[in-house]
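Observations on the model geometry
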Amino acid sequence: MSKGLRRGHRPSGNTGSNNRPRFWGRHAVTAALANPERRVRKIWGTREALAALELPPVLPITYADVADLARMVPSDAPHQGIVIEVDPLEEIWLGDLLEQGANDRRPLLVLDHVTDPHNVGAILRSAAAFDALGIVTQDRHAPPESGSLARAASGALELVPWVRVVNLARALDEIGEAGFWRIGLAGEAKGTLAEVMGDTRPALVLGAEGEGMRHNTAAHCDELARLPISPRVESLNVSNAAAIALYAAISR
């Protein structure tokens, strides 16, 4: 069984005490508060913003003005009057995720060296919107939990299972053994995603922008496929490609 850490067990660029990540913004904060698996340690906010939330009675609350909150987050971050400090979510194993989805046909997303937190956050949001089984990344080549990622995910960080694995090639082997058809998205592929996917249960594999999938990752896919985009555009942002691929997978 491949074992992978779930999310954010490495410190992020926006951390508080004990390297705990800090989230900001209404969607990220309310989703974290609603997640029974997420432990929120502290909350800071304006009186107006905090009055609109249902807060646990044991949660330490600090009232702050907008200027104070702005100093707690990256420059120009849209904190919307709320900042929280949280514990990273507990780890989840790939084998457990595959077992949970054994009786459904939801697509799985595999990200190869996609390191930008805004892209991963946007992919999580699309994964939630299209009811993906989860996402799989290599632990050393994926962003940790952070406020920027949680903001881009708009609450989906709390909804979509995220497995971090040590070895992506071994994880793809396990995914294939679980009955998924591993489809790597590559602009040079001959067949389109719709042609290659057919009636399979897809695991959609996407590489980083520019470099794309690594050769070893592609070698562990069953087939490669391309999105049928206009020749006037060389490629799509990886988060846009993920959204389109997920839509294609669920609309067959």
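See the structure printed just above.
Notes on the structure in this doc start here. All residue numbers refer to position in the chain's written sequence, counted from 1. Whole-chain, interface and lining totals are the exception, using all residues; otherwise, since this is a predicted model, local features are given only for residues with pLDDT of at least 70 and side-chain atom pairs are given and counted only at 80 or more. Hydrogens and water molecules were not included; the side-chain quantities draw on all heavy atoms of the structure.

**What about the pairing of strand β5 (residues 108-112)?**
The rule is simple: take the accessible area with a 1.4 Å probe, protein chains only, and divide by the maximum for that residue type; under 20% is buried, over 50% is exposed, in between is partly exposed. Numbering of helices and strands starts at the N terminus; helices are DSSP runs of H or I of at least 4 residues and strands are runs of E of at least 2. The buried fraction of β5 amounts to five of the five residues, a majority that puts the element mostly inside the structure. Burial of the side chains of β5 extends over both faces: Leu-108, Val-110 and Asp-112 are buried on one face and Leu-109 and Leu-111 on the other. Where β5 lies against strand β6 (residues 134-138), four bridges are found, and the strand directions are parallel. Among the inter-strand pairings, Val-110 is bridged to a residue of β6, identified as Val-136. Regarding the hand of the β-α-β motif, the stretch spanning β5, helix α5 (residues 117-129) and β6 is right-handed. In this structure, β5 lies alongside strand β9 (residues 202-207), joined through five bridges in parallel fashion. If you follow Leu-109 over to β9, its bridge partner there is Leu-204. Here, a strand pair is defined by DSSP locating no fewer than two bridges between the strands. A crossover gets the label right-handed when its path from the first strand over the helix to the second runs clockwise, viewed with the strands pointing away from the viewer.

**Structural notes on the sheet that holds strand β1 (residues 22-24)**
Reading across the sheet, the four strands line up as β1-β4-β2-β3 and stay open at both edges, with mixed pairing between neighbours. Each edge of the open sheet is held by one strand with a lone partner, namely β1 and β3 (61-63). Across the sheet, the mean angle from the axis of one strand to that of its neighbour is 20 degrees, orientation sign disregarded. The strands touched by helix α1 (residues 26-34) within the sheet are β1, β2 (40-45) and β4 (82-86), with β1 carrying the most contacts at an inclination of about 120 degrees. Fitted lines through C-alpha atoms give the axes, limited to the stretch in contact for helices. The angle between two N-to-C directions lies from 0 to 180 degrees. Residues count as neighbours in contact if any of their non-hydrogen atoms are within 4.5 Å of one another.

**Digging into the sheet that holds β5**
Strand order in the open sheet made by the six strands is β7-β6-β5-β9-β8-β10, with parallel pairing throughout. Strands at the two margins of the open sheet, each flanked by one partner only, are β7 (162-165) and β10 (223-225). Adjacent strand axes in the sheet meet at a mean angle of 25 degrees when their direction is disregarded. Against the sheet, helix α7 (residues 168-177) touches β5, β6, β7, β8 (181-185) and β9, its axis set at about 165 degrees to β5. Contacts between helix α10 (residues 238-250) and the sheet are confined to β5, β8 and β9, with β9 contributing the most and set at about 165 degrees to the helix.

**Let's talk about the packing of aromatic side chains**
Aromatic contacts are taken between Phe, Tyr and Trp rings whose centres are within 6.5 Å, Trp giving its six-membered ring; a plane angle under 30 degrees counts as stacked, one over 60 as edge-to-face, and the others as tilted. According to the stated counting rule, one finds one aromatic pair in the structure shown. Both rings, one in Phe-130 and one in Tyr-247, keep their centres 6.2 Å apart while their planes meet at 65 degrees; by these two values the pair is edge-to-face. With Phe-130 in the loop between α5 and β6 and Tyr-247 in helix α10, the pair connects residues that are 117 residues apart, well separated along the chain. Given the relative accessible area of 22%, Phe-130 is considered partly exposed. When the ring centre of Trp-162 is taken as origin, the NZ or CZ atom of Arg-164, which lies over that ring, is 4.3 Å away. In our convention, an over-ring charge means Lys NZ or Arg CZ found within 6 Å of a ring centre and within 35 degrees of that ring's normal. Geometry around Phe-180 places Arg-201 over its ring, the cationic atom sitting 4.0 Å from the centre.

**What about α1?**
Those residues of α1 lying buried are Ala-28, Val-29, Ala-31 and Ala-32. Each buried residue of α1 sits inside an arc of 165 degrees when the element is viewed along its axis, so together they form one side. Tucked into the core, α1 has its buried residues touching β1, β2, β4 and α6 (147-153). Note: the arc covers the axis-to-C-beta directions of the helix.

**Describing α5**
The span expected for a helix works out to 1.5 Å for each residue beyond the first. The end-to-end C-alpha separation of α5 is 18 Å, in line with the 18 Å expected for 13 residues at 1.5 Å each. Of all the positions in α5, only Asn-119, Val-120, Gly-121, Ile-123, Leu-124, Ser-126 and Ala-127 are classed as buried. In the core, the buried residues of α5 are packed alongside β5, β6, α6, β7 and α10. For the purposes of these results, a polar contact is taken to be a pair of N or O atoms within 3.5 Å, where, inside protein, one atom must be able to donate a hydrogen and its partner to accept one; residues adjacent in sequence count only when each atom of the pair is a side-chain atom. By the N-cap criterion, in which a side-chain oxygen at the helix start approaches the backbone nitrogen of a residue two or three places on, α5 is capped by Asp-116, the distance to His-118 being 2.9 Å. Positive backbone phi, approximately 55 degrees, marks Asp-131, located one or two places after α5.

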